[in-house]
Amino acid sequence: MKKYGEKAQEKVHEAMHEMKEGTLKSGRSNKKVTDRKQAIAIGLSEARKEGGKVPKKKEKKS
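How each quantity is defined
Residues numbered from 1 in each chain as written. Predicted model: local features only at pLDDT ≥ 70, side-chain atom pairs only at ≥ 80, totals over all residues. Heavy atoms only, no water. Helix = DSSP H or I, 4+ residues; strand = E, 2+ residues; numbered from the N terminus. Buried < 20%, exposed > 50% of the residue type's maximum accessible area, 1.4 Å probe, protein only. Contact = heavy atoms within 4.5 Å. Axes fitted to C-alpha atoms, helices over the stretch in contact; angles between N-to-C directions. Parallel < 35°, antiparallel > 145°, perpendicular 65-115°, else oblique. Left-handed = near helix turned anticlockwise from the far one by under 90°. Nonpolar A, V, L, I, M, F, W, Y, C, P; charged D, E, K, R; others polar. Salt bridge = Lys/Arg side-chain N within 4 Å of Asp/Glu carboxyl O.

Novice: Honestly, the overall build of the protein in this entry has me stumped. Any pointers?
Specialist: Helices and strands together make up the secondary structure of the protein, namely two helices and zero strands. By principal-axis analysis of the C-alpha atoms, the protein measures approximately 35 × 35 × 20 Å. The buried share of the protein, taken over its 62 residues, is 27%. Of all intrachain contacts in the protein linking residues separated by at least 6 positions in sequence, the fraction that spans at least 24 positions is 46%.

Here it is in C-alpha cells:
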C-alpha cells in the first residue's frame, strides 16, 4: 500500500522545482526556501489542503 498518493507526489515535485528555481517562499515570513526538507514539507502541506492522500502530521511530545 502506498504511503503517499499521486497528488502528493506531484505537489512535492512542483515545490522542489520551485525551490531550485528560487521562487518557493515560506508561509508568513515570505522568505526564500533553500532547505530540501522544508520544500518537501510545503509540498505535502499543499497536497493535504487539496485532499490528497498524505498521512497526518506527527504530534510533538512535550
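Novice: Got a minute to help me understand the packing of helix 1 (residues 6-21) against helix 2 (residues 36-49) in this structure?
Specialist: Any two packed helices are characterised by the angle at which their axes cross and by the distance between the axes. At a minimum axis distance of 8 Å, the contact between helix 1 and helix 2 shows a crossing angle of 140 degrees. When the axes of helix 1 and helix 2 are compared, the pair comes out oblique. Our pair here, helix 1 against helix 2, has a crossing hand that is right-handed. Residues Lys-7, Ala-8, Lys-11, Val-12, Ala-15, Met-16 and Met-19 of helix 1 form the contact with helix 2, whose participating residues are Arg-36, Ala-39, Ile-40, Gly-43, Leu-44, Glu-46 and Ala-47. Along the lines of polarity and charge, the residues of the contact of helix 1 with helix 2 split into nine nonpolar, one polar and four charged.

Novice: What's the story with the pattern of salt bridges in this structure? I'm lost.
Specialist: Pairing is possible between side chains of opposite charge, provided their charged atoms come close. Scanning the model with the defined rule gives two salt bridges in all. For Glu-14, the salt bridge goes to Lys-11, with nearest N and O atoms at 3.9 Å. In this pair, Glu-14 and Lys-11 both sit in helix 1, three residues apart, roughly one turn of the helix. Residue Glu-14 is classed as partly exposed on the basis of its relative accessible area, which comes to 32%. A salt bridge links Lys-11 to Glu-50, with the shortest nitrogen-to-oxygen separation between them at 3.2 Å. Here the residue Lys-11 occupies a position in helix 1, and Glu-50 occupies one in the segment after helix 2, the gap between them amounting to 39 residues. For Lys-11, a relative accessible area of 16% translates into the label buried. The network of salt bridges with shared partners includes Lys-11, Glu-14 and Glu-50.

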